[in-house]
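Residues per chain, in single letters:
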Amino acid sequence: MENSNKTFFNGFFLLSLADTPYLKHLCLLTFLIMYILTLSVNSLLIIVVRNNFQLHTPMYFFLSNLSIIDIGISSSVVPKLITITITQDKSISYYGCALQMFFHSALVVTESILLAVMAYDRYTAICKPLHYNTLMNMGFCISMAAVCWAVGCISAGIHVPYTFQLPFCRSRHVNHFFCEIPVILRLSCQDTWLHEVSMYISACTLGLSAFILTLLSYAYIISTILNIRSTEGRHKAFSTCASHLTVVSLYYGPLMFMYFRPHSRNSPSIEKTVAVIYTVVTPMLNPLIYSIRNKDIKVSIQGTLNKH
């Protein structure tokens, strides 16, 4: 009978974030509002950049890609969570779980690398302004964006199938609100040490390398800014970088906590809270952070809204 369960295992049960009816309704309303805001502000940013010729620059090209990724990350998780809360049907099919895991993993890796590319763009603009147009030409920008998306898809294309080749003979109840690799690995009755090691190596190679490159770019940027004699020039340079640094902090903080924390210290409640931050909160805040601190975007948004 046990072997039969292994063979015909074709689904999981996702646990919602709250158990009591009051908290369920509160979570439903909160996540619905945040998801609508995520779709609205990111879509508005994409439309504004697309329609304003003055914003057809490398920085805004990468920012549009970031908005597409944020919409994707939130959409891979929140609709299913809302459906579970409304219908009380916590089941997710085997292939549905795999698809959710693939899109989420691919987009997370893509965003990690894209943030490093955006940091390089700011480094080039501030540290090598005379060579900026030559180095950051549109062909190069498109190539870099394509590399970010390709690496994300390849990484997910390796880890997700490998995860679902494992036999799952423990409880089918996933103590999380979406299918994430570290959580699903715990349901396997096979030793997952090798897979965990390969996952951490991949995370270090891609995520940590991208993070270090981002830090190095900003080390050079800050050094260059401090050498600017004009107070106004320093303030303007810091202002253009502050938004990106805020987004980087919001993104990498929760991810490092989730993936680089010792396995023995895992706490389902803490994991869920951290996951909410980088799957729901951060995608909503990113375009707001860039819009609030960027005069060009604010003016363009006002112009777009006035036309309608």
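Residues numbered from 1 in each chain as written. Predicted model: local features only at pLDDT ≥ 70, side-chain atom pairs only at ≥ 80, totals over all residues. Heavy atoms only, no water.

Under the annotation held in an unreviewed UniProt entry, the protein carries the name Olfactory receptor and is attributed to Xenopus tropicalis. You can read under Sequence similarities (unreviewed entry) in the UniProt record for the protein the words "Belongs to the G-protein coupled receptor 1 family." (UniProt positions renumbered as here; feature names shortened; annotations may be inferred.)

**Observations regarding the environment of Phe 178**
As for its placement among the helices and strands, Phe 178 is situated in the loop between strand S3 (173-174) and helix H8 (181-185). Using a relative accessible area of 0% as the deciding quantity, one classes Phe 178 as buried. As for Phe 178 and Lys 272, which are separated by 94 residues in sequence, their C-alpha atoms are 9.4 Å apart. Ignoring anything within four residues of it in the chain, the contact list for Phe 178 reads Leu 14, Val 77, Gln 100, His 104, Ala 275, Tyr 278 and Thr 279. (Helix = DSSP H or I, 4+ residues; strand = E, 2+ residues; numbered from the N terminus. Buried < 20%, exposed > 50% of the residue type's maximum accessible area, 1.4 Å probe, protein only. Contact = heavy atoms within 4.5 Å.)

**Thoughts on the nonpolar core**
Core analysis: the largest hydrophobic core is formed by 51 residues, its most contacted members being Leu 63, Leu 66, Leu 115 and Met 118. A per-element tally of this core places helix H5 (residues 94-127) first, with nine residues. Excluding its chain neighbours within four sequence positions, the residues that come into contact with Met 118 are Phe 62, Leu 63, Leu 66, His 244 and Tyr 290. (Core = buried A, V, L, I, M, F, W, Y, C linked by side-chain atoms within 4.5 Å.)

**Here's the deal with the state of the cysteines**
Under the counting rule described, the total for this entry stands at one disulfide. For Cys 97, the disulfide goes to Cys 179, at an S-S distance of 2.0 Å. Judged by the sign of its S-S torsion, about -125°, the cystine formed by Cys 97 and Cys 179 is left-handed. With Cys 97 in helix H5 and Cys 179 in the loop between S3 and H8, this residue pair connects regions lying 82 residues apart in the sequence. (Disulfide = S-S within 2.5 Å.)

**With respect to the packing of H5 against helix H7 (residues 138-163)**
At their nearest, the axes of H5 and H7 sit 8 Å apart, and the two run at 145° to each other. Of the two elements, H5 crosses H7, and the hand of that crossing is right-handed. Counted together, Ala 98, Met 101, Phe 102, Ser 105, Ala 106, Leu 107, Val 109, Thr 110, Ile 113, Leu 114, Val 117 and Tyr 120 of H5 and Phe 140, Met 144, Cys 148, Trp 149, Val 151, Gly 152, Cys 153, Ser 155, Ala 156, Gly 157, Val 160 and Thr 163 of H7 form the full contact between these two elements. Of the residues assigned to the contact of H5 with H7, the class counts are 18 nonpolar, six polar and no charged. (Axes fitted to C-alpha atoms, helices over the stretch in contact; angles between N-to-C directions. Left-handed = near helix turned anticlockwise from the far one by under 90°. Nonpolar A, V, L, I, M, F, W, Y, C, P; charged D, E, K, R; others polar.)

**Let's talk about the packing of aromatic side chains**
Any pair of aromatic rings gets described here by the distance separating the centres and the angle formed by the planes. One pass over the full model with this rule turns up 12 aromatic pairs. Here the aromatic cluster, defined as three or more aromatic residues joined through ring pairs, consists of Phe 12, Tyr 94, Tyr 95, Phe 164 and Phe 168. (Phe/Tyr/Trp six-rings, centres within 6.5 Å; stacked < 30°, edge-to-face > 60°.)

**A word on H7**
A rise of 1.5 Å per residue sets the reference length of H7, with its 26 residues, at 38 Å; its end C-alpha atoms lie 38 Å apart and thus fit the reference within 8%. Of the residues making up H7, those classed as buried are Cys 141, Ala 145, Cys 148, Gly 152, Ser 155, Ala 156, His 159, Val 160 and Thr 163. As for H7, its buried residues are in contact with helix H3 (58-75), H5, H8 and helix H9 (193-226). Two to three positions downstream of the cap, the backbone nitrogen of Gly 139 sits 3.2 Å from a side-chain oxygen, assigning the N-cap of H7 to Asn 137. (Expected span 1.5 Å × (residues − 1). Polar contact = N/O pair within 3.5 Å; in protein donor to acceptor, adjacent residues only side chain to side chain.)

**A look at the pairing of strand S1 (residues 11-14)**
One ladder, built from three bridges, connects S1 with strand S2 (residues 91-93); its direction is antiparallel. Within S2, the residue paired with Gly 11 across the bridge is Ser 93. As paired elements, S1 and S3 share two bridges and run parallel to each other. In the sheet register, Leu 14 faces S3, and the bridge partner there is Val 174. (Pairing = 2+ DSSP bridges.)

**Remarks on a nonpolar patch on the surface**
On the surface, Ile 212, Leu 213, Leu 216 and Tyr 220 cluster together into a nonpolar patch covering about 420 Å² of accessible area. Along the chain, Leu 216 falls in helix H9. (Patch = residues over 30% accessible without salt bridge, like charges linked within 9 Å, V, L, I, M, F, W, Y side chains within 5 Å. Areas by Shrake-Rupley, 256 points an atom, 1.4 Å probe, with all protein chains shown as cover. Salt bridge = Lys/Arg side-chain N within 4 Å of Asp/Glu carboxyl O.)

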